[in-house]
Amino acid sequence: MLRTSAGIRAICGQSRGRCLVHRNGHGAGGDASRSRSPHRPVAWRTEADPDDAVPQPPRFRPKRIPGVQPPLNAAQSPGEIFSKFFDDEVLKCLCENTNKNAAKKKENGKTFAWKEITPEELQKYLGLLLYMAVCNFPKMVDIWRRNTIFHVPFPATVMSKDRFMAINSILHISDPEEDVANGKKKGTEDYDTFHPVRPLLEMMRSRCMSNYHPKQHISVEERMVANPTKWGLKFFVLADVNGYIIDFKPYTGKSTLSSGKGVSFDVVTSLVDKDYLGSGYIVYCDNFYTSPALFQHLKKQGFGACGTYREGRLGVPSSQENALHKRSPRGSIRWIRDGDLLFVKWLDSREVSICTTVHPVYSGDTVLRWQKNEDGHFESVSVPRPTAVTEYNKYVGGVDTSDQMLGTNSVLCKTKRSNMTVFRHLLDIAVTNCFILHKELCISKQQKHKTRQTFQEELAAHLLGVCLDGRPEFPSQGHFPVPTSTRDMGRRHRASLGRKQCTVCKRIHIFVVVCFIVQIANC
């Protein structure tokens, strides 16, 4: 079982879902790139001042044609797309390690009913997880309840409750023998905190990158994968603007292979891989990652960068000459250029600080805001907005878009097993990426795409091996009366005229006898 140590526990903190990691001083205030820079005697300039050093935009040279990659670009159904993520290799790995885990538990003296799981049965297990996410019952076992108005008869026709719960408790991702070897390394640099989920983690990363190539604008941000508590697992995510998860890495604590420039620097440089992406991409990030050192490094690698920044970081201008103040009019712009780096400040409802290596200061963009006029009434006015702010708002939301789609019919549930939390999150990533690929394919073919729920329902039906449309046939679970007479029968048969008898016990129930007595009396 994967244990959430202090190195991978995080607590949600600042705005925009910022999560500050508790790691013995190596958090938001422990990054080496956050030390204060010396005072710069450079005055801030306004949008009216000319910027004669606007950099040329990077030439976009991706390694592959952006978009859905072959042979997936010929896929049609949700099941065909999903099979490119949870393919035969993934299913075989999960089945083999799950069966090994069951055998190991029996060797240790635990007694339970177990039959070796097959890839076909594992697909039904995954289909039931997606089915439960759509039904959204409070408890996992609620879909097998009987003798209640909330009874759902279909799941029992696919898999019994006992078998589902047995698979759910025995499911194992890594080889149990390798788990023992990794456990012996605990306390050393070679110990892998995420070893129990590492095989599936790496296979999902590989398939996310192989099935799709991103467009020019990408974003890096962190994501919390947690139970309904403030604690959870932290992932760093690289996403396309449409929400597709390109790559992701879990936070595993302080690394001995760090560059010495801070976690934020190492995260971005590891996710933004030139060998995979190509060059000319523009990376958007928030103030947790932005630093002059990072942006200059990305510039040398052939990438552009844009992101909000925090005051006091090393290399950030600290001059107060001609800076914004509380009485500056809304929409005021100040900027300083330092080589390829452009630092821009803009006064909206509050001061916004942004750094970029690819955008000019101001291109004439405006935005509507409500302001109080001299009469005390509010009116909509147009205020200038820096180009970098416009582009940042347009392209930074890839991870947020992904989070919204992941939250729709998610298979995550409260559990004490952290490896199951990661497993279900990886399943959510696969389903969400499949849906985005479906949308991209429909857009390329000028077709209307399915909704998120319809897509998941069709995928669940495919994995369960049933047809989504039509009413499924259920086995008899009670007394279903059928007609035993017709109206053209003689008088002596009128006792059962229009009445029905049970198809199970073949008996006439008490209400039939009562009707017989009433009918005789009327005669």
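Residues numbered from 1 in each chain as written. Predicted model: local features only at pLDDT ≥ 70, side-chain atom pairs only at ≥ 80, totals over all residues. Heavy atoms only, no water.

Per an unreviewed UniProt entry, the protein goes by the name PiggyBac transposable element-derived protein domain-containing protein and belongs to Oreochromis niloticus.

J.: I keep staring at the overall build of the protein and nothing clicks. Help me out?
T.: When helices and strands are tallied, the protein shows 15 helices and 19 strands. Going through the 523 residues of the protein one by one, you find that 46% of them count as buried. Across the protein, the fraction of contacts at a sequence separation of at least 24, relative to all contacts at a separation of at least 6, is 66%. (Helix = DSSP H or I, 4+ residues; strand = E, 2+ residues; numbered from the N terminus. Buried < 20%, exposed > 50% of the residue type's maximum accessible area, 1.4 Å probe, protein only. Contact = heavy atoms within 4.5 Å.)

J.: Honestly, the pairing of strand S14 (residues 341–347) in this entry has me stumped. Any pointers?
T.: Each regular strand displays side chains that alternate between the two surfaces of the sheet. Burial within S14 is extensive, with 7 of its 7 residues counted as buried. Across the two faces of S14 the burial is the same, with Leu341, Phe343, Lys345 and Leu347 and Leu342, Val344 and Trp346 all buried. In the sheet, strand S13 (residues 333–338) pairs with S14 via 6 bridges, with the strands oriented antiparallel. Considered in S14, the bridge of arginine 334 is made with lysine 345. Where S13 folds back on S14, the antiparallel hairpin that results is connected by 2 residues, among which glycine 339 adopts a positive phi of roughly 70 degrees. In this sheet, strand S15 (residues 351–356) lies alongside S14 in antiparallel orientation, the contact comprising 6 bridges. For phenylalanine 343, the partnering residue across the bridge sits in S15 and is cysteine 355. (Pairing = 2+ DSSP bridges.)

J.: How should the sheet that holds S13 be read in this particular structure?
T.: The strands that make up a sheet are held in pairs by hydrogen bonds between backbone atoms, and each pair lies either parallel or antiparallel. Sheet architecture is open: 9 strands sit in the order S3-S13-S14-S15-S12-S11-S7-S8-S9, paired in mixed fashion. Edge strands, defined here as strands with exactly one partner in the open sheet, are strand S3 (45–46) and strand S9 (245–250). Relative to strand S12 (residues 304–308), strand S11 (residues 282–285) runs parallel, the two sharing 4 bridges. Counterpart to isoleucine 282 in the pairing with S12 is glycine 304.

J.: What is the right way to read helix H3 (residues 119–135) from this model?
T.: Working note: α-helix, 3.6 residues per turn, so residues spaced by three or four point in the same direction. With 17 residues, H3 should cover 24 Å at 1.5 Å per step; its first-to-last C-alpha distance of 24 Å lies within 8% of that length. Among the residues making up H3, those that are buried are Glu121, Leu122, Tyr125, Leu126, Gly127, Leu128, Leu129, Leu130, Tyr131, Met132 and Ala133. The secondary structure elements touched by the buried residues of H3 are helix H2 (88–107), helix H4 (154–158), helix H5 (161–170), helix H13 (418–444) and helix H14 (452–464). With its phi angle positive at about 60 degrees, asparagine 136 sits one or two positions after the end of H3. (Expected span 1.5 Å × (residues − 1).)

J.: Just checking my understanding: could you explain the pattern of salt bridges for this structure?
T.: Close approach of charged atoms allows side chains of opposite charge to pair. For the structure shown, the criterion picks out 16 salt bridges. A salt bridge links glutamate 440 to lysine 215; its shortest N-O distance comes to 3.4 Å. Note that glutamate 440 is positioned in helix H13 and lysine 215 in the loop between strand S6 (212–213) and strand S7 (217–225), a separation of 225 residues in sequence. A relative accessible area of 34% means that lysine 215 is categorised as partly exposed. A network of salt bridges, in which partner residues are shared, links Asp192, Arg198, Glu202, Arg205 and Asp247. (Salt bridge = Lys/Arg side-chain N within 4 Å of Asp/Glu carboxyl O.)

J.: Is there a simple way to think about the environment of threonine 401 in this case?
T.: Here threonine 401 is to be found in helix H12 (residues 398–406). Given the relative accessible area of 26%, threonine 401 is considered partly exposed. In the structure, threonine 401 is positioned 159 residues away from asparagine 242 in sequence and 7.1 Å away in space, judged by C-alpha atoms. Leaving out residues up to four positions away in the same chain, threonine 401 has contacts with Val241, Asn242 and Gly243.

J.: Sorry, what's going on with the packing of aromatic side chains here?
T.: For any pair of aromatic rings, the description consists of the separation of the ring centres together with the inter-plane angle of the planes. Following the criterion strictly, the structure yields 14 aromatic pairs and no others. Pairing tryptophan 144 with phenylalanine 164 gives two aromatic rings, centres 5.2 Å apart and planes at 45 degrees, and the pair type is tilted. Highlighted residues: tryptophan 144 in the loop between H3 and H4 and phenylalanine 164 in helix H5, separated in sequence by 20 residues. The two residues tryptophan 144 and phenylalanine 164 agree in class, both being buried. When the centroid spacing of 6.1 Å and the interplanar angle of 85 degrees are considered together, the rings of phenylalanine 236 and tyrosine 251 count as edge-to-face. With phenylalanine 236 in strand S8 (residues 233–240) and tyrosine 251 in the loop between S9 and helix H8 (263–271), this residue pair connects regions lying 15 residues apart in the sequence. Among the aromatic residues, ring-to-ring pairing joins Phe236, Tyr251, Phe288 and Tyr289 into one connected group. (Phe/Tyr/Trp six-rings, centres within 6.5 Å; stacked < 30°, edge-to-face > 60°.)

J.: I tried to follow the side chain of arginine 313 on my own but got confused; where do I start?
T.: Mapped onto the elements, arginine 313 comes out in the loop between S12 and S13. Among the residues examined, arginine 313 registers a relative accessible area of 1% and is labelled buried. A polar side-chain atom of arginine 313 sits 2.8 Å from the main-chain carbonyl oxygen of phenylalanine 288. (Polar contact = N/O pair within 3.5 Å; in protein donor to acceptor, adjacent residues only side chain to side chain.)

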